[in-house]
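Chain and residue survey
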Amino acid sequence: MSRIDTDVLIVGAGPAGASLGCFLTRYGVTGLIISKTSSTARTPRAHFTSNATFECLRDAGLEPECRNVSTSRELIKFYRFCHTMAGKELSRSYYAGTDPHREGEYKRASPCEQADLPQSTLEPILLRVATQNGFKLRWDYEFLTLREDEETGKVHSTIRDILSGDVLTVVSNYVCGADGAKSVIARELQLPFQDTPGGGFALNVWFEADLSHIMTHSAGLIHMLLAPDKPQPDYCAIAITRQVKPFSEWVISMLAKPGVTEVTASEDEIIQHVRDLLGDPSVKIKVKSLTTWSIKDCYAEQYTRGRVFCLGDAVHRHPPFNGLGSNTCIQDAYNLAWKIGYVRKGWATPSLLESFSAERQPVGKAVVKRANKTGTIHAQLFALMGVFEPDLTKKQKILKRLEEDTEEGVEARAAFQRIIEELDSERHGFGVEMNQLYESQAVWADDEANPPPRFSSPEEMDLHYFESTYPGFRLPHAWLRVADAAPTDPMVSTHDLAGKGHFTILTGISGRAKWTDAADRVRKDLSVEIPVYSMGGIDYRDVFYDWSKKRGVGEKGAILVRPDRFVAWRSNGEEDDGHRGDKLVKVMSQILGR
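Residues numbered from 1 in each chain as written. Predicted model: local features only at pLDDT ≥ 70, side-chain atom pairs only at ≥ 80, totals over all residues. Heavy atoms only, no water.

As named in an unreviewed UniProt entry, the protein chain is FAD-binding domain-containing protein, taken from Xylaria arbuscula. Quoted verbatim from the Pathway (unreviewed entry) field of UniProt, the annotation for the protein chain is "Secondary metabolite biosynthesis." (UniProt positions renumbered as here; feature names shortened; annotations may be inferred.)

Written out as structure tokens, the structure is:
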């Protein structure tokens with residue numbers, strides 16, 4: 001049996017595996033990526049890309065390229081409920097941070113805007129960067145089994161060349177299972193899962209159609225279609241249309257009626273139903289693909305065993321509501337990459353890797369619960385509108401209530417509005433996307449007198465981002481100016497000072513010299529570089545005074561930021577001058593497992 005020796009074996013080349021390979025190369029770590037498929041994603045699946053994910057791409061130097069091939073938020077502005085694409089509109093809402101009441105909150109919180117970037121467009125970019133920087137990529141290779149050698153600590157994986165049938169052994173320091181919702185690696189590790197079966201069945205129709213005449217004043221990413229004028233086929237109780245390319249390429253996700261598990265209709269029948277859903281018989285349609293999928297409610301209780309890690313859909317599976325899927329996959333990879341990188345460089349011990357599951361598993365669990373909770377709200381709305389009523393006459397009567405001058409009509413309209421407003425957690429769930437709080441050995445919160453600050457209600461936590469420099473929170477964003485910048489020079493975000501593969505200290509004018517000395521002590525004792533930046537005039541100017549309001553410590557204090565731009569520790573600068581270096585070495589030693 002042939003043998004391949006490599007550093008990291010990544011199984012799966014989707015958003016999780018491709019981004020992990022890309023991010024690992026930033027630390028000089030390479031290896032082998034294998035995929036059971038023959039290419040990158042052929043269909044534009046996961047697509048909405050959040051501020052937090054664009055921050056990861058920005059740190060990797062990929063934001064401009066990814067931005068250029070994405071659809072801007074101005075062209076995904078609305079979220080509509082209507083009879084058909086061209087038909088009667090029942091409601092429209094702002095989407096993805098475009099609500100005038102919310103737009104400023106998004107802009108204040110991140111240097112990056114959200115956009116629509118389909119998986120089929122993003123994957124080739126990530127894989128190109130990974131392979132150009134040292135990773136090998138092999139399509140049509142199937143993962144079979146693995147075992148960890150107790151004597152060497154190496155992981156021996158058995159893989160099969162699907163084309164030739166040849167079986168090979170890959171010996172690696174780490175194996176990363178990014179092999180999707182049917183993860184062989186998660187099954188091989190016997191990871192414990194919380195799995196709620198029976199989520200439902202759906203059909204995706206990817207097609208080309210020029211709808212620019214319809215979208216002139218209705219540019220939106222999501223259009224929920226009821227089509228009440230004709231009986232709905234079993235495979236389509238409700239249709240969700242989303243834009244792929246403005247305004248010429250689309251995907252309609254048809255959620256089947258309860259109990260339906262397959263599509264028996266012909267392609268011609270499906271195409272005719274697409275025509276009915278568009279509501280304009282003059283539109284020409286070209287179907288690109290038909291695919292089916294199942295709605296999941298499933299998350300792993302643990303992400304790792306030994307030197308094997310699972311991430312992405314391998315450990316969290318949920319419906320597409322809230323647009324959390326690929327974003328969570330990429331952020332899983334971003335968290336894991338710096339930890340593997342630091343261990344491989346000898347800057348951290350393998351104990352650092354234990355924090356991956358501790359930090360990301362609660363995020364995955366919360367994402368699954370949030371997406372399925374949104375699905376429950378949608379189900380309430382569908383019931384109110386008679387979506388599941390098999391009798392067409394009764395269904396039309398139920399919908400007609402929304403326009404009747406009756407007490408029943410008043411109640412129906414109030415209930416409809418209430419549920420539409422409740423779905424704001426899907427359209428503007430900024431807190432769901434941004435409010436991760438990491439609690440692990442890779443965060444030092446021992447010096448904090450109080451527990452982590454939070455919003456008072458779960459609803460607020462879902463809708464709004466809570467900024468804090470409390471250890472374990474995402475580094476707050478603030479725009480800065482280089483101290484000697486010319487008027488033509490661009491502004492710099494606090495996020496641009498952090499990341500890039502290193503820890504960072506942000507301090508004030510009064511603390512710069514002393515924290516620079518402390519960082520130098522860490523460099524001498526632990527061989528870890530920590531750049532120190534002063535806010536207030538020496539290095540950067542806090543021209544909007546935003547950082548002074550967000551930093552949470554005085555000018556002599558310091559914010560220690562991890563390579564993934566999460567706060568590791570903070571100090572008010574009250575340590576004695578001679579002990580500041582000792583303290584920073586102690587904090588870094590715990591975080592790095594030294």
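Some words on the environment of Gln590
Relative to the helices and strands, Gln590 resides in helix α19 (residues 580–592). It is 9.0 Å that separates the C-alpha atoms of Gln590 and Leu352, two residues lying 238 residues apart in sequence. When neighbours within four sequence positions are excluded, Gln590 is seen to be in contact with Gln441, Val443, Trp444 and Asp446. (Helix = DSSP H or I, 4+ residues; strand = E, 2+ residues; numbered from the N terminus. Contact = heavy atoms within 4.5 Å.)

Quick word on the packing of helix α9 (residues 325–344) against helix α10 (residues 354–384)
Contact geometry of α9 with α10 gives a least axis separation of 10 Å together with a crossing angle of 175°. The angle between the axes of α9 and α10 places the two elements in the roughly antiparallel class. Between α9 and α10, the residues in contact are Thr328, Gln331, Asp332, Asn335, Leu336 and Lys339 and Ser355, Phe356, Glu359, Arg360, Val363 and Val367, respectively. The class makeup of the residues in the contact of α9 with α10 is 4 nonpolar, 4 polar and 4 charged. (Axes fitted to C-alpha atoms, helices over the stretch in contact; angles between N-to-C directions. Parallel < 35°, antiparallel > 145°, perpendicular 65-115°, else oblique. Nonpolar A, V, L, I, M, F, W, Y, C, P; charged D, E, K, R; others polar.)

As for the pattern of salt bridges
Two side chains carrying opposite charge are able to pair once their charged atoms lie near each other. Scanning the model with the defined rule gives 40 salt bridges in all. Between Glu403 and Lys88 there is a salt bridge, with its nearest N and O atoms 2.9 Å apart. Note that Glu403 is positioned in the loop between α11 (392–400) and α12 (407–422) and Lys88 in the loop between β5 (78–82) and β6 (89–94), a separation of 315 residues in sequence. The exposure class of Glu403 is exposed, given its relative accessible area of 53%. In this structure Lys88 comes out as partly exposed when scored by relative accessible area, which is 40%. One salt bridge in this structure joins Asp520 and Lys524, with 3.3 Å as the shortest N-O distance. Taken together, the residues span about one helical turn, with Asp520 and Lys524 both in helix α17 (residues 512–526) at a distance of 4 residues. By relative accessible area, which is 26% here, Asp520 ends up partly exposed. A relative accessible area of 58% places Lys524 in the exposed class. What you see here is one network of salt bridges that share partners, running through Arg58, Glu63, Arg67 and Asp496. (Salt bridge = Lys/Arg side-chain N within 4 Å of Asp/Glu carboxyl O. Buried < 20%, exposed > 50% of the residue type's maximum accessible area, 1.4 Å probe, protein only.)

Overview of helix α2 (residues 51–59)
Across the 9 residues of α2, 8 count as buried, placing the element largely inside the fold. Within the span of α2, buried status applies to Asn51, Ala52, Thr53, Phe54, Glu55, Cys56, Leu57 and Asp59.

Structural notes on unusual backbone geometry
The peptide bond linking Pro246 to Phe247 adopts the cis configuration, its omega dihedral lying at -20°. Its place among the elements puts Phe247 in the loop between β15 (238–245) and β16 (249–255). Phi angles above zero are rare outside glycine, and Ser527 is one such case at about 60°.

Section: the sheet that holds β5
What the 7 strands build is an open sheet, ordered β6-β5-β14-β15-β16-β13-β17; its pairing is mixed. The sheet is open, and its two edges are formed by β6 and β17 (286–294), each paired on a single side. In this sheet, adjacent strand axes meet at a mean angle of 20° when their direction is disregarded. (Pairing = 2+ DSSP bridges.)

Re the environment of Ser351
As for its placement among the helices and strands, Ser351 is situated in the loop between α9 and α10. As for Ser351 and Ile591, which are separated by 240 residues in sequence, their C-alpha atoms are 9.3 Å apart.

Digging into the sheet that holds strand β12 (residues 193–195)
Taken in spatial order, the 3 strands of this open sheet run β12-β18-β21, and their pairing is antiparallel. In this open sheet, the two strands that pair with only one neighbour each are β12 and β21 (316–317). In this sheet, strand β18 (residues 298–300) lies alongside β12 in antiparallel orientation, the contact comprising 3 bridges. Counterpart to Phe193 in the pairing with β18 is Ala300. On top of the sheet, α10 reaches β18 and β21; it is set at about 175° to β18, its chief contact.

Here we look at the nonpolar core
Ranked by size, the top nonpolar core spans 92 residues in total, and within it Phe503, Ile530, Leu560 and Met588 carry the most contacts. No other element matches the 10 residues that α9 contributes to this core. Setting aside its immediate chain neighbours within four residues, Ile530 contacts Phe503, Thr504, Ile505, Ala519, Val522, Leu560, Leu584 and Met588. (Core = buried A, V, L, I, M, F, W, Y, C linked by side-chain atoms within 4.5 Å.)

A few points about the packing of aromatic side chains
Within a pair of aromatic rings, the relevant descriptors are the distance that separates the centres and the angle that separates the planes. Enumeration according to the criterion identifies 22 aromatic pairs in this entry. Note on Trp338 and Phe503: the rings are 5.6 Å apart at their centroids and 85° apart in plane angle, and the pair reads as edge-to-face. Here Trp338 is found in helix α9, whereas its partner Phe503 is found in the loop between α16 (494–497) and β24 (504–508), with 165 residues between them in sequence. In this structure, Trp338 and Phe503 share a single accessibility class: buried. Ring centres 4.2 Å apart and planes at 20° place the aromatic pair Tyr438 and Phe566 in the stacked group. Within this pair, whereas Tyr438 is found in the loop between α14 (430–434) and α15 (458–463), its partner Phe566 is found in the loop between β27 (558–561) and β28 (567–571), the two being separated by 128 residues in sequence. Both residues of the pair, Tyr438 and Phe566, belong to the buried class. By way of ring pairs, the aromatic residues Tyr27, Trp338, Tyr342, Trp347 and Phe503 are connected into one cluster. The ring of Tyr79 has Arg427 sitting right over it, with the charged end atom 5.7 Å from the ring centre. Over the ring of Trp515 we find Arg580; its NZ or CZ atom is 4.9 Å from the centre of that ring. (Phe/Tyr/Trp six-rings, centres within 6.5 Å; stacked < 30°, edge-to-face > 60°. Lys NZ or Arg CZ within 6 Å of the ring centre and 35° of its normal.)

Remarks on a nonpolar patch on the surface
Residues Met491, Val543 and Phe544 make up a contiguous nonpolar surface patch of about 250 Å² in total accessible area. Among the structural elements, Met491 can be located in the loop between β22 (479–482) and β23 (492–493). Overall, the relative accessible area of 36% leaves Met491 in the partly exposed class. (Patch = residues over 30% accessible without salt bridge, like charges linked within 9 Å, V, L, I, M, F, W, Y side chains within 5 Å. Areas by Shrake-Rupley, 256 points an atom, 1.4 Å probe, with all protein chains shown as cover.)

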